[in-house]
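# Fold and contact review
Take a look at the letters that make up each chain.
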Amino acid sequence: MSLPKEEFEQMLESYQLVLQDYVGSADRKKLMTAAIRGMMSSLDPHSRYLDKDDLEDVERINTGRYVGIGVGVELMNGQILIGDVAENGPADKAGIRAGDSIVAIDGAPLFGLRDSQVAHRMHGEPGTTVELTLAKRGKTPLRTVTVTRATLQEHSVSVQRLDGNLARIRISEFASGTPAELFAALRQLDGPRRVDGIVLDLRNNPGGLVPAAVAAAGAFLPQGAVVFSATGRLPASTSKVTVSPRFFGKAGAPDAADQLPAFAQTVPLVVLVNGASASAAELLAGAIQDNGRGKVVGSRTYGKGSIQAVFPLSDESAIKLTVARYFTPNGREVQEHGILPDVPVDPPVAHAGDDNLLFREADMANHLPASTKAPAPVAAQRPLAEDSKSFGSSSDRVLQTALAQLHAVPASGQALGSLLRGMRGIATMFKAPGG
């Protein structure tokens, strides 16, 4: 690939002018870093320059362990918005909710900072406090909340037994420990009190590690089943990902055949999604749907269907670059489109004065457009962001709809348990390495 001579000469000329004519002193390394950062930000919201602190955040995501207050932040339309709040974490207990915007931290305004810089200001030593000035979507009145930092180990899987011998498994995000937690949850639901149906709840799941989502798909899909396909400009970016150890296993990791109960492959399954189900969560929902393994219930998902790869640079930094698009096993594009449920349940719709609106990938400035025609957003039908605290309650309409789907599984006059016992007779154990 030939280098664009004119563009490089223009950049070098600008660099030289800054060094010679700028009224203050300019840091050469800072100038070049800013140039790289600006170049990456011009591409799409998920391509970015990663400094040393950003790389530490990547490691935190991989391990699920960090010191902070238990929130995720994102920059949208000039505001620092809280995208998700860890259940029972310090921020959750302090009354901070998804959709709040952070105006200041410890009295210092955040205007002009990146979301990663804001996240670092909330990190610190366990037991220390941080003061957040918050607003609802940037509106007044402001409120100030003091939160005590804690060492957090993010547990991404929770189990809830339901009436009718059914269960709800919620995956809040996909981290390195998610597959092991999911396998443990399935073992918990096996045995003498084996459940007759599972609701897999992916609502408000922002995604995370794709290999963890592929391993989760392998809990319910047979070996060799297609989970998704990826298409990029380079051959290395184009692939078909299946339930196979080579896509999510680690060298030397123990085999997980004795961790995964056989009934997980045949138990009736319903997947719950909403407008905040994103990325890896969309891949898992699409895989279950296209493989005919279970029905998807809820509302159209977020529509983040792009793949990022991290390329290390020479000085403890890296770039995260969007390299491909995701497609479901049947070839449906995820970017902008999202996953459409088999059984739609309308989310709460915003009315005049509501401030906790739900935004999707297509609402982000400079987002990567879909390669195929995507549904146009209807402003009048903008939904509200849903609070995960309502999930699993008696007023959870999406869950109640899913339970009705599970109760309707048996043929007429046949008990669900009897049907499943017959299915277990031909079930085989799925073998895959642990997460």
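Criteria and thresholds
Residues numbered from 1 in each chain as written. Predicted model: local features only at pLDDT ≥ 70, side-chain atom pairs only at ≥ 80, totals over all residues. Heavy atoms only, no water. Phe/Tyr/Trp six-rings, centres within 6.5 Å; stacked < 30°, edge-to-face > 60°. Helix = DSSP H or I, 4+ residues; strand = E, 2+ residues; numbered from the N terminus. Buried < 20%, exposed > 50% of the residue type's maximum accessible area, 1.4 Å probe, protein only. Arc of directions from axis to C-beta. Contact = heavy atoms within 4.5 Å. Pairing = 2+ DSSP bridges. Axes fitted to C-alpha atoms, helices over the stretch in contact; angles between N-to-C directions. Parallel < 35°, antiparallel > 145°, perpendicular 65-115°, else oblique. Left-handed = near helix turned anticlockwise from the far one by under 90°.

We now examine the packing of aromatic side chains. Overall, the coordinates contain one aromatic pair when judged by the stated rule. Consider the rings of F228 and Y326, whose centres lie 5.1 Å apart with planes at 90 degrees: the pair is edge-to-face. You can see F228 sitting in strand β13 (residues 226–232) and its partner Y326 sitting in strand β18 (residues 318–327), a full 98 residues away along the chain. By relative accessible area, which is 3% here, Y326 ends up buried.

In this model, S279 sits at a positive phi of 55 degrees, which is unusual for a non-glycine residue. Among the structural elements, S279 can be located in the loop between β15 (269–273) and α9 (280–290). The class of S279 is buried, set by a relative accessible area of 8%. A positive phi is found at E316, a non-glycine position, where the angle reads about 60 degrees. Tracing the backbone shows E316 in the loop between β17 (306–312) and β18.

The periodicity of an α-helix, 3.6 residues per turn, causes residues three or four places apart in sequence to face the same way. Of the residues making up helix α6 (residues 178–188), those classed as buried are T178, P179, L182, F183, A185 and L186. Projected onto a plane normal to the axis of α6, the buried residues spread over an arc of 160 degrees and lie on a single side. Elements in contact with the buried residues of α6: β10 (157–162), β11 (166–171), β12 (198–201) and α7 (210–220).

This brings us to the sheet that holds β11. The strand order β10-β11-β12-β15-β16-β19 describes an open sheet built from six strands, whose pairing is mixed. Each of the sheet's edge strands pairs with one partner strand only, and the pair in question is β10 and β19 (343–344). Sheet strands in contact with α9 are β12, β15 and β16 (295–298), and its direction is about 145 degrees off that of β15.

Before going further, it helps to examine the packing of α7 against α9. For the pair α7 and α9, interaxial distance at closest approach is 9 Å and the crossing angle is 25 degrees. Here α9 runs roughly parallel to α7, going by the angle between their axes. The interaxial crossing formed by α7 with α9 has right-handed handedness. Here V210, A213, A216, A217 and F220 of α7 come into contact with α9, specifically with A280, L283, L284 and I288.

By themselves, these observations are geometric and do not establish any function.
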